[in-house]
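One-letter residues, chain by chain:
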Amino acid sequence: EDQVTQSPEALRLQEGESSSLNCSYTVSGLRGLFWYRQDPGKGPEFLFTLYSAGEEKEKERLKATLTKKESFLHITAPKPEDSATYLCAVPDSNTGNQFYFGTGTSLTVIP
Amino acid sequence: DAGVIQSPRHEVTEMGQEVTLRCKPISGHNSLFWYRQTMMRGLELLIYFNNNVPIDDSGMPEDRFSAKMPNASFSTLKIQPSEPRDSAVYFCASSQGETQYFGPGTRLLVL
């Protein structure tokens, strides 16, 4: 069964303190791994899609990487505005339509 | 682009009442998804449509829940009768391809 596990559940960082969030996945056939950001009271906002091991994508202070078993979201020198919940998801191995979401990592960046 | 539009943004109702949530997907997107998000269970897929046809409703919790998509620009999720345990944030998302784009959600409270 396809599934996604994220860790840690919550992370508090000082402004400028770099760290990484983890997303472990189990799928029979990877159709991509998706990262979303969710701010309180809003819907998830698409960040990245990674399709193959070794692939990396960057956006401002965020960099996502992918291996055959997990993905990391690296946050370099975070700012308070990076505070949000970060979700990862994988599409269903068979249909590609249904997403399986992790429970997310709640990131708080303290000024 | 207006993005995915959901209404109402907030709904407070009493147990036993009918609740109807509405969604307008992004123009040109051919898939539409209804999710429910709670603290305990995270994001759960309820049902999704492809070209206005329901493809998988296995996530619909019980017969009290129903969803329709009469045309490519409109979908509803109905709960009848509503119960306190239905309280959650309900998201609609649409896609053309694999990336899903989420609406702002409807926060439902059933008293």
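All of these numbers come straight from a predicted model, not from anything done at the bench.

> So what about the overall build of chain B? Which residues, and what values?
The helix and strand tally for chain B stands at zero helices and eleven strands. Taken from the N to the C terminus, the helices and strands of chain B come in the order β-β-β-β-β-β-β-β-β-β-β. Relative to a compact globule of 111 residues, whose C-alpha radius of gyration would be 13 Å, chain B shows 13 Å and is just as compact. The principal-axis extent of the C-alpha atoms belonging to chain B is close to 35 × 25 × 25 Å. For chain B, the proportion of its 111 residues judged to be buried stands at 47%. Within chain B, contacts between residues separated by at least 24 positions form 53% of all contacts whose residues are at least 6 apart in sequence. Counting only carbon and sulfur atoms, one obtains 50% of the accessible surface of chain B, whose full area is about 5,500 Å². Between the centroid of the 10 positive side chains of chain B and the centroid of its 12 negative side chains there is a distance of 4 Å.

> Give me the packing of aromatic side chains: which residues, what numbers.
For the structure on display, the rule yields 13 aromatic pairs over all chains. Through pairs of rings, three or more aromatic residues link up here, namely Phe34, Tyr36, Phe46, Phe99 and Phe101 of chain A together with Phe33, Tyr35, Tyr48, Phe91, Tyr101 and Phe102 of chain B.

> Tell me what's going on with the sheet that holds strand S8 (residues 70-75) of chain A, and back it up with residues and numbers.
Residues and elements named next belong to chain A. Across the sheet, five strands lie side by side as S1-S3-S8-S7-S6; this open sheet has antiparallel pairing. Pairing within the sheet leaves two strands with one partner each, and these edge strands are strand S1 (3-7) and strand S6 (56-59). Direction aside, the axes of adjacent strands within the sheet are offset by 15 degrees on average. For S6 and strand S7 (residues 62-66), the ladder comprises four bridges, and the chain directions are antiparallel. Residue pairing in the sheet places Lys59 in a bridge with Leu62 of S7.

> With reference to specific residues and values, describe the side chain of Gln100 of chain B.
Among the secondary structure elements, Gln100 of chain B is positioned in strand S10 (residues 100-102). A polar side-chain atom of Gln100 of chain B sits 2.7 Å from a polar atom in the side chain of Tyr35 of chain B. Here Gln100 of chain B is in contact with Tyr36, Asn97 and Phe99 of chain A together with Phe33, Tyr35, Ala93, Ser94 and Ser95 of chain B, once residues within four sequence places are set aside.

> Kindly report on a nonpolar patch on the surface, identifying the contributing residues and their values.
All names here are of chain B. Side chains of Val12, Leu109 and Leu111 sit close together on the surface and give an oily, nonpolar patch of about 290 Å² of accessible area. Along the chain, Val12 turns up in strand S2 (residues 10-13). Judged by relative accessible area, which is 55%, Val12 ranks as exposed.

> Please give an account of the sheet that holds strand S7 (residues 65-71) of chain B that cites residues and values.
Residue and element names in this part refer to chain B. What the four strands build is an open sheet, ordered S1-S3-S8-S7; its pairing is antiparallel. The sheet is open, and its two edges are formed by strand S1 (5-7) and S7, each paired on a single side. Within this sheet the neighbouring strands show an average axis-to-axis angle of 15 degrees, counted without direction. The sheet contact formed by S1 and strand S3 (residues 19-24) spans three bridges and is antiparallel. Each bridged residue has a counterpart across the sheet, and for Gln6 the counterpart in S3 is Cys23.

Parameters at a glance
Residues numbered from 1 in each chain as written. Chains lettered and ligands numbered in written order. Predicted model: local features only at pLDDT ≥ 70, side-chain atom pairs only at ≥ 80, totals over all residues. Heavy atoms only, no water. Helix = DSSP H or I, 4+ residues; strand = E, 2+ residues; numbered from the N terminus. Rg over C-alpha atoms; globule rule 2.2 N^0.38 Å. Buried < 20%, exposed > 50% of the residue type's maximum accessible area, 1.4 Å probe, protein only. Contact = heavy atoms within 4.5 Å. Areas by Shrake-Rupley, 256 points an atom, 1.4 Å probe, with all protein chains shown as cover. Lys, Arg positive; Asp, Glu negative; His and termini not counted. Charge placed at Lys NZ, Arg CZ, Asp CG, Glu CD. Phe/Tyr/Trp six-rings, centres within 6.5 Å; stacked < 30°, edge-to-face > 60°. Pairing = 2+ DSSP bridges. Axes fitted to C-alpha atoms, helices over the stretch in contact; angles between N-to-C directions. Polar contact = N/O pair within 3.5 Å; in protein donor to acceptor, adjacent residues only side chain to side chain. Patch = residues over 30% accessible without salt bridge, like charges linked within 9 Å, V, L, I, M, F, W, Y side chains within 5 Å. Salt bridge = Lys/Arg side-chain N within 4 Å of Asp/Glu carboxyl O.

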